[in-house]
Amino acid sequence: MCGNNMSVPLLADAVTVSGAERETAAVIFLHGLGDTGHSWADALSSIRLPYVKYICPHAPRIPVTLNMKMVMPSWFDLMGLTPDAPEDEAGIKKAAENIKAIIEHEMKNGIPPNRIILGGFSQGGALSLYTALTCQHQLAGIVALSCWRPLHKAFPQAANNGVNKDIAILQCHGEMDPMIPVRFGALTAEKLKSVVTPAKVQFKTYPGVMHSSCPQEMMAVKEFIEKLLPRI
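Position labels on residues start from 1 in each chain and follow its written sequence. Reporting of local features is limited, given that this is a predicted model, to residues whose pLDDT is at least 70; pairs of side-chain atoms are given and counted only at 80 or more, and all residues count toward the totals for whole chains, interfaces and linings. Derived side-chain values reflect all non-hydrogen atoms in the structure, with water molecules and hydrogen atoms excluded from consideration.

For the protein chain, an unreviewed UniProt entry supplies the name palmitoyl-protein hydrolase and the organism Pterocles gutturalis. The heading Subcellular location (unreviewed entry) in the UniProt record of the protein chain holds the text "Cytoplasm". Per its UniProt entry, the protein chain bears the Sequence similarities (unreviewed entry) comment "Belongs to the AB hydrolase superfamily. AB hydrolase 2 family." UniProt positions are given in the numbering used here, feature names are shortened, and annotations may be inferred rather than shown by experiment.

### A few points about the overall build of the protein chain
Helix and strand assignments come from DSSP, with helices taken as H or I runs of at least 4 residues and strands as E runs of at least 2, each series counted from the N terminus. Scanning the protein chain from N- to C-terminus turns up seven helices and nine strands. Our radius of gyration looks at C-alpha atoms and nothing else; its globule reference is 2.2 Å times the residue count to the power 0.38. Relative to the 2.2 N^0.38 estimate, which gives 17 Å for 232 residues, the radius of gyration of the protein chain is 16 Å and therefore close to what a compact globule would have. Its C-alpha atoms put the protein chain at 45 × 35 × 35 Å along the principal axes. Scored against the burial criterion, the 232 residues of the protein chain give a buried share of 52%. Should any heavy atoms of two residues lie within 4.5 Å, those residues are counted as being in contact. Long-range pairs, those at least 24 residues apart, make up 74% of the contacts in the protein chain between residues at least 6 apart in sequence. Total accessible area on the protein chain is roughly 10,200 Å²; 57% of this is exposed by carbon and sulfur atoms. Charge assignment: positive for Lys and Arg, negative for Asp and Glu; neither His nor the chain ends contribute. We put the charge of a Lys on NZ, of an Arg on CZ, of an Asp on CG and of a Glu on CD. The positive charge centre, built from 21 side chains, and the negative charge centre, built from 20, are 4 Å apart in the protein chain. Burial status follows relative accessibility: with a 1.4 Å probe on protein chains alone, a residue under 20% of its type maximum counts as buried, one over 50% as exposed, and anything between as partly exposed. Accessible surface area values rest on a Shrake-Rupley calculation with a 1.4 Å probe, where residue burial reflects the displayed protein chains alone.

### A word on the sheet that holds strand β7 (residues 141-145)
Strands were regarded as paired on the criterion that DSSP finds at least two bridges between them. The strand order across the open sheet built from seven strands is β1-β3-β2-β6-β7-β8-β9, with neighbouring strands paired in mixed fashion. What marks the edges here is a single partner per strand, and that holds for β1 (15-17) and β9 (201-206). Looking at each pair of strands side by side, their axes are set apart by 15° on average, direction ignored. Pairing between strand β6 (residues 116-121) and β7: five bridges, direction parallel. Bridge assignment links Leu 118 to a residue of β7, and that residue is Ile 142. Axes here mean lines fitted to C-alpha atoms, for a helix over just the part in contact, with angles spanning 0 to 180 degrees between N-to-C directions.

### Quick look at the layout of surface pockets
Grid spacing is 1 Å over the protein atoms alone, the probe is 1.4 Å, and a cavity is where that probe fits but cannot get out, while a pocket is an open set with protein on both sides within 12 Å along at least five of seven lines and lining residues have an atom within 4 Å of a point. Grid points are joined across faces, edges and corners, and a volume is the space filled by probe spheres set on the points. Roughly 300 Å³ of internal volume is contained in the largest pocket. By residue number, the principal contributor to the lining of the largest pocket is helix α6 (residues 182-192), which donates four residues. Across the lining of the largest pocket, the residue classes break down as 13 nonpolar, four polar and five charged. By volume, the second largest pocket is sized at about 170 Å³. Lining the second largest pocket, in full, are Leu 10, Pro 60, Ile 62, Ser 74, Trp 75, Phe 76, Asp 77, Asp 88, Gly 91, Lys 94, Ala 95 and Asn 98. The dominant element in the lining of the second largest pocket, judged by the number of residues it contributes, is helix α3 (residues 89-108), at four residues. Each residue gets one label: Ala, Val, Leu, Ile, Met, Phe, Trp, Tyr, Cys and Pro are nonpolar, Asp, Glu, Lys and Arg are charged, and the others, such as Gly, are polar.

### Some remarks on the packing of aromatic side chains
Only Phe, Tyr and Trp rings are paired, with Trp represented by its six-membered ring, and only when their centres lie within 6.5 Å; those with planes under 30 degrees apart are stacked, over 60 edge-to-face, the remainder tilted. Counted by the stated rule, this structure contains two aromatic pairs. Plain terms: the ring middles of Trp 40 and Phe 121 are 5.4 Å apart, the flat faces sit at 35° to each other, and that makes the pair tilted. Of this pair, Trp 40 sits in helix α2 (residues 37-45) while Phe 121 sits in strand β6, and the two are 81 residues apart along the sequence. Judged on exposure class, the residue Trp 40 and its partner Phe 121 are both buried.

### Here we look at the pattern of salt bridges
One side-chain nitrogen of Lys or Arg within 4 Å of one carboxyl oxygen of Asp or Glu is enough to make a salt bridge. Scanning the model with the defined rule gives five salt bridges in all. As a salt-bridge pair, Glu 97 and Lys 100 come within 3.5 Å of each other at their nearest N and O atoms. Highlighted residues: Glu 97 and Lys 100, both in helix α3, separated by three residues, approximately one helical turn. Residue Lys 100 is classed as buried on the basis of its relative accessible area, which comes to 10%.

### Brief notes about unusual backbone geometry
Positioned with a positive phi, Ser 122 is a non-glycine residue whose angle comes to about 55°. Locating Ser 122 in the fold gives a position in the loop between β6 and α4 (123-133). Of note in the backbone geometry, Ser 146 takes a positive phi value of approximately 50° without being a glycine. If you trace the backbone, Ser 146 turns up in the loop between β7 and α5 (155-158).

### Re the packing of α3 against α4
Across the interface, α3 lies against α4 with an axial gap of 9 Å and an inter-helix angle of 70°. Judged on the interaxial angle alone, α4 and α3 are roughly perpendicular. Of the residues in α4, those touching α3 at Ile 92, Lys 93, Ala 95, Ala 96, Ile 99 and Lys 100 are Leu 127, Tyr 130 and Thr 131. Here the contact of α3 with α4 is built from residues that sort into six nonpolar, one polar and two charged. An angle counts as roughly parallel when it lies under 35 degrees, as roughly antiparallel when it exceeds 145, as roughly perpendicular when it falls between 65 and 115, and as oblique in every other case.

Pasting the structure below:
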């Protein structure tokens, strides 16, 4: 492994699931509010491909307005979970820059951006959508689980650089999600179709699933990764 992790703060203690053979692709996956990279590193290990490196960074611990200013792992501050709630624009943009630094680091280590998938769950999924669609490098795809589209009022302008206009997006949502209702997910999918090529957006829902993942969803994620990051 060449390159200095210390120059990329989030990489210094990120959970990395290394490939069993030469790594030719990477999946960067961002956890949800109050979680750490460990749970998703475990989940991704169960569907891993031997030539893919999985990087699951930990969010910094910050006070979260939504949770009475309690300090917890959070990519940015959250004021509410409705489409019209105020948003932490500066925090979202800063977090996106930190994720882009991970992408740049992997590129320096020989993995081209079109062999990198960015994904996340809930708040992490929201950040992965914003980061990928404002990234100046052409990425392979986005996995957006149980999430929403942040800064949606400014979003089309933010994505207008067009580098990722043809990016493939897999969006999944539990139909019984009490935190981020599935209708917000459906709204996000529709809005994404106005930002990227509509046929590239897949929106899958899972009956009976709450604000979590399920085995069928993980298989859909595995198939998506396999298709976009084939062995080379």
